[in-house]
Amino acid sequence: MLRIGLTGGIGSGKSTVAELLVAHGAHLVDADRIAREVLEPGTPGLAAVAEAFGPGVLGPDGALDRPALAAVVFGDPQQRARLDAIVHPLVRARAAELVAAVPPDAVVVQDVPLLVETGQADSYDLVVVVQAPLDVRLERLAGRGTAEDDARARIASQATDEQRAAVADVVLTNGGSRAELAAQVDALWAERVEPAR
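For every chain, the first residue of the written sequence is number 1, and numbering continues from 1 along that sequence. Thresholds applied to this predicted model are a pLDDT of at least 70 for local features of residues and 80 or more for the giving and counting of side-chain atom pairs; totals over whole chains, interfaces and linings are not thresholded and use all residues. The side-chain numbers reported here are obtained from all heavy atoms of the structure, hydrogens and water having been left aside.

Student: I would appreciate a short explanation of the overall build of the protein chain in the present structure.
Tutor: Along its length, the protein chain carries 9 helices and 5 strands. For the protein chain, the succession of helices and strands along the chain, N to C, is β-α-β-α-α-α-α-β-β-α-α-α-β-α. Here the C-alpha radius of gyration of the protein chain, 17 Å, is about what a compact globule of 197 residues would show, namely 16 Å. In terms of its C-alpha atoms, the protein chain occupies a principal-axis envelope of roughly 50 × 40 × 30 Å. Counting across all 197 residues of the protein chain, residues that qualify as buried make up 44%. Between two residues, a contact is recorded if the distance between any of their heavy atoms is within 4.5 Å. Across the protein chain, the fraction of contacts at a sequence separation of at least 24, relative to all contacts at a separation of at least 6, is 72%. All accessible-area figures derive from a Shrake-Rupley calculation using a 1.4 Å probe, and residue coverage is judged against the displayed protein chains alone. Element-wise, carbon and sulfur atoms account for 53% of the exposed surface of the protein chain, whose accessible area totals about 10000 Å². In this tally, Lys and Arg are treated as positive and Asp and Glu as negative; His is ignored, and so are the chain termini. Charged side chains are reduced to one point each, which is NZ for Lys, CZ for Arg, CG for Asp and CD for Glu. The centroid of the 18 positive side-chain charges in the protein chain is displaced by 1 Å from the centroid of its 28 negative side-chain charges. The helix and strand labels rest on DSSP assignments: H or I over at least four residues marks a helix, E over at least two residues marks a strand, and numbering proceeds from the N terminus. With the radius of gyration taken over C-alpha atoms, the globule rule is written as 2.2 Å times the number of residues to the power 0.38. Any residue under 20% of the maximum accessible area for its type is buried, any over 50% is exposed, and the rest in between are partly exposed; the area is computed with a 1.4 Å probe on protein chains only.

Here you go:
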């Protein structure tokens, strides 16, 4: 099995790179998707978050009110650390289950936004970092309905491009077209993934 850790800041284009790698035959394990799954209504994860942060982080339907939780944890490192201590172990455990379920000769891409921040780089055979200029990232986030101040705060709360590049085996630059990014992914697959299989 070849394990690829895929990371990059919010708005950098990690999801697009993940899609392109899946098109080449990789199996995707998406940490963001798992993080949502482990906080679904009725899960131990959601119960732990509600206990730690109070009923104000739940909506009327009992589901997680993500904006309410974000208002509590973003900008407060201690609160963010409390949340991370609940969510990260659950995400890692579920990711390990998903990886164990794929064929032993598979290429597994783990999309981990906080790979650098959580010190997981050494867990992968290959670390791929996606980078994009700040103005491009802000424009993408605005297109998703994220206010500029919120976008800048989220970017500032993550590792820097330099910190990510320091652990990268490959850096993909995503400031241009999808076709340009796809060409970089094709080269990554041909030059780094296929020879390692």
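Next comes the rest of the account.
Student: Where do I start with the nonpolar core in this structure?
Tutor: Across soluble globular proteins, nonpolar side chains have a tendency to be buried as a group. Throughout, nonpolar core names a set of buried Ala, Val, Leu, Ile, Met, Phe, Trp, Tyr and Cys residues whose side chains join them through atoms within 4.5 Å. V49, F53, L64, L69, L83, V87 and V91 are the most contacted members of the largest nonpolar core, which has 22 residues in total. Of all the secondary structure elements, the ones that give two or more residues to this core are α2 (31–37), α3 (44–53), α4 (66–73) and α5 (77–100). Broken down by element, the residue count for this core peaks at 6 residues, all from α5. Of all hydrophobic cores here, the second largest spans 21 residues; its members include L6, V17, V170 and L181.

Student: How should I be thinking about the sheet that holds strand β5 (residues 170–173) in this particular structure?
Tutor: Strand pairing in a sheet relies on backbone hydrogen bonds. The paired strands run either parallel or antiparallel. At least two bridges found by DSSP between two strands is the condition for calling them paired. With respect to topology, 5 strands assemble into an open sheet ordered β2-β3-β1-β4-β5, the strand pairing being parallel. Where the open sheet ends on each side, the last strands, each with one partner, are β2 (27–30) and β5. Neighbour-to-neighbour, the strand axes of the sheet open up by a mean angle of 25 degrees, direction not taken into account. In the sheet, β2 pairs with strand β3 (residues 107–111) via 4 bridges, with the strands oriented parallel. Residue pairing for β3: H27 is matched across the bridge by V108. Simply put, an axis is a line fit to the C-alpha atoms, just over the touching stretch for a helix, and the angle between two N-to-C directions goes from 0 to 180 degrees.

Student: What should I look at first to understand the pattern of salt bridges in this one?
Tutor: It is possible for side chains of opposite charge to pair when their charged atoms get near one another. Any carboxyl oxygen of Asp or Glu that lies within 4 Å of a side-chain nitrogen of Lys or Arg is treated as forming a salt bridge with it. Using the criterion set out here, one finds 8 salt bridges in the structure. Ionic pairing is found between D150 and R154, a salt bridge with its closest N-O pair at 3.2 Å. Of this pair, D150 and R154 are both found in helix α7 (residues 148–157), 4 residues apart, which corresponds to roughly one turn of the helix. The closest approach of N and O atoms between R164 and D161, which form a salt bridge, is 3.5 Å. In this pair, R164 and D161 are both assigned in helix α8 (residues 161–167), 3 residues apart and thus about one turn of the helix distant. When salt bridges with common partners are traced through the structure, they connect E37, R94 and E97 into a single cluster.

Student: Could you clarify how one ought to interpret the packing of α4 against α5 in this entry?
Tutor: Each pair of packed helices gets described by two things: the angle between the helix axes and the distance between those axes. Running from N to C, α4 and α5 point in directions that differ by 130 degrees, and their axes come no closer than 7 Å. Here α5 runs oblique to α4, going by the angle between their axes. Of the residues in α5, those touching α4 at L69, V72 and V73 are Q79, R80 and L83. Across the contact of α4 with α5, the residue classes break down as 4 nonpolar, 1 polar and 1 charged. Roughly parallel refers to an angle under 35 degrees, roughly antiparallel to one over 145, roughly perpendicular to one between 65 and 115, and oblique to any angle outside these ranges. The nonpolar class holds Ala, Val, Leu, Ile, Met, Phe, Trp, Tyr, Cys and Pro. Asp, Glu, Lys and Arg form the charged class, and all remaining residues, Gly among them, are polar.

Student: It is not clear to me how the packing of aromatic side chains should be interpreted in this structure. Could you clarify?
Tutor: The description of an aromatic ring pair uses the distance of the two centres, along with the angle that the planes make with each other. Here a pair means two rings of Phe, Tyr or Trp (six-membered ring of Trp) with centres within 6.5 Å. Their orientation is stacked below 30 degrees between planes, edge-to-face above 60, and tilted elsewhere. What the rule picks out here adds up to 0 aromatic pairs. Whether a charge sits over a ring depends on NZ of Lys or CZ of Arg being within 6 Å of the ring centre and within 35 degrees of the ring normal. Seen from the ring of F53, R82 lies directly overhead, with NZ or CZ sitting 4.9 Å from the centre.

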